[in-house]
Amino acid sequence: MLASAIRDLKALEPRQFEGRVTALEGLRIEAAGPAQAMRLGAAVRFGDEAGPRGELVGFEGDRAILLACDPLDGLGPGAPVLFTSGLDTVRPSEQWLGRVIDAFAEPLDSKGPLRPGWKPRQVRAIAPNAQMRARVDQKMALGVKAIDVFAPCARGQRLGVFAGSGVGKSTIMSMLARGADADVIVIGLIGERGREVREFVEDTLGPEGLQKSVIVTATSDEAAPRRRRAAWLTLAVAEHFRDEGKQVVCFLDSVTRFAMAQREIGLAAGEPPTTRGYTPSVFAELPKLLERAGPGLTVSDGQKQGHITGLFTVLVDGDDHNEPVADAVRAILDGHITLSRHIAERGRFPAVDVLKSISRLQTQLQGPREKAVAGKARKLISLYSNMEELVRIGAYAKGADAEVDEAVRLWPQIEAFLQQDVHEVTTPEAAIASLEAVLMPPAPSAVPGKRAAK
């Protein structure tokens, strides 16, 4: 009883202040209120304590600029606005595993209310001190051959999956969610189609995968502050389990929609649009979000060390891999997996473009054998890619170049190796052995019963 009472006391809201709506224009709401309530990022309620939520995103003189997180039908001039004085916090717990929640940590499934944990965490937290973080050097299996061989991942590393629309971004994320070697999986579905959320939970994860997962979702029809907060909440939940010593894989699909939500908020707050309409705050918020993933703090002997391995998808606008968000994210992360529309149209899935995918930790994670196999395969793929058109039209003469001849001869087997069924899970060791058998087949043995000629 005492423990329950203490938990309920900690859950009480801090002081509240009341203001009034003074103007409403599009997404932007202006309100007047006490100066001590005006804090950037403060949560607000319109009408009463059970009314629609909002967020304070800026100021216009002595008035607050608010954006609504919920529909505001019926809101009128002079309507009450309740400002919360405390920080925006959440209290994750082990009981959140197997649950689907929204941007405000409220359940979206039919499994009853969420049981909060003891320790509050800031939703919009600061990344750990870089000098206090552990080194990243322990290899981690992701279950996808093309990635484990050509762009290997370490625990605590952050990889981006870059793809245009309809190229298989969500499909490869489902493969990674199923094959990743982790204690806990935290998945943020930001701006996704509503149909895909249930399909992802029931078909991709299934009951077994869901047991060790927490899914945070804000679909495309939800307001920009909700979509942005869902991304922050995803990292906050991952940080909770990291601090418990768990090995966490954090998926965020997609960073682009987080950037779009921040662009809407920035424009409503009065920021000037820059490249492709993105506001300066977008490029300030991206590293703050992505740096929260990564290795945990260095711990003393005997303590379990948790890491957050971040896998972030980027929806490339118009298949331009140098567009502003993709370029900014690629510069922040520790590697990138590029999915090619040309490969997808050819019918090979996952459509990983090996030549354009890289892990910045590959040299540290692979031994001499793995480096040799991956290096030779990459070279043969490059040679075939350069000569593909000539080979297809019959303009390449066999025997002109021994290395090209080898690339052309082995290409069907390499292409078959890169193909992988969505439900197939492999280990890095098995993937390397399989590719090695393609590139370096054993020499034919002598036929039994025959003697060499004298």
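No experiment lies behind these values; they were computed from the predicted model shown.

Caption draft 1: Quick look at the pairing of strand E3 (residues 43–46). Residues Val-44 and Phe-46 line the buried face of E3, whereas the alternating positions Ala-43 and Arg-45 sit on a face that is not buried. Judged from the three bridges that link them, E3 and strand E4 (residues 53–60) form a sheet pairing that is antiparallel. The residue of E4 that forms the bridge with Arg-45 is Arg-53. With antiparallel pairing between neighbouring strands as the criterion, E3 and E4 make up a hairpin whose turn holds six residues, including Gly-47 at a positive phi of roughly 95 degrees. Pairing of E3 with strand E6 (residues 80–84), which is carried by three bridges, proceeds in the antiparallel orientation. Note that in E6 the partner of Arg-45 across the bridge is Leu-82.

Caption draft 2: Molecular detail of the pairing of strand E14 (residues 213–218). Judged by how many residues are buried, E14 sits mostly within the fold: six of six residues are covered. Pairing between strand E13 (residues 184–190) and E14: six bridges, direction parallel. What sits directly across from Leu-189, in E14, is Thr-217. As a crossover connection, the stretch from E13 through helix H4 (residues 194–210) into E14 is right-handed.

Caption draft 3: Layout of helix H12 (residues 402–418). With 17 residues, H12 should cover 24 Å at 1.5 Å per step; its first-to-last C-alpha distance of 23 Å lies within 8% of that length. Considering bend angle alone, the principal kink of H12 is centred on Trp-411 and spans about 50 degrees; proline Pro-412 follows within four residues of it. Every buried residue belonging to H12 is among Val-404, Asp-405, Ala-407, Leu-410, Trp-411, Ile-414, Glu-415, Phe-417 and Leu-418, and all of these are buried.

Rules used in this analysis
Residues numbered from 1 in each chain as written. Predicted model: local features only at pLDDT ≥ 70, side-chain atom pairs only at ≥ 80, totals over all residues. Heavy atoms only, no water. Buried < 20%, exposed > 50% of the residue type's maximum accessible area, 1.4 Å probe, protein only. Helix = DSSP H or I, 4+ residues; strand = E, 2+ residues; numbered from the N terminus. Pairing = 2+ DSSP bridges. Right-handed = clockwise from strand over helix to strand, strands pointing away. Expected span 1.5 Å × (residues − 1). Bend = angle between axes of the 7 residues up to and from the residue.

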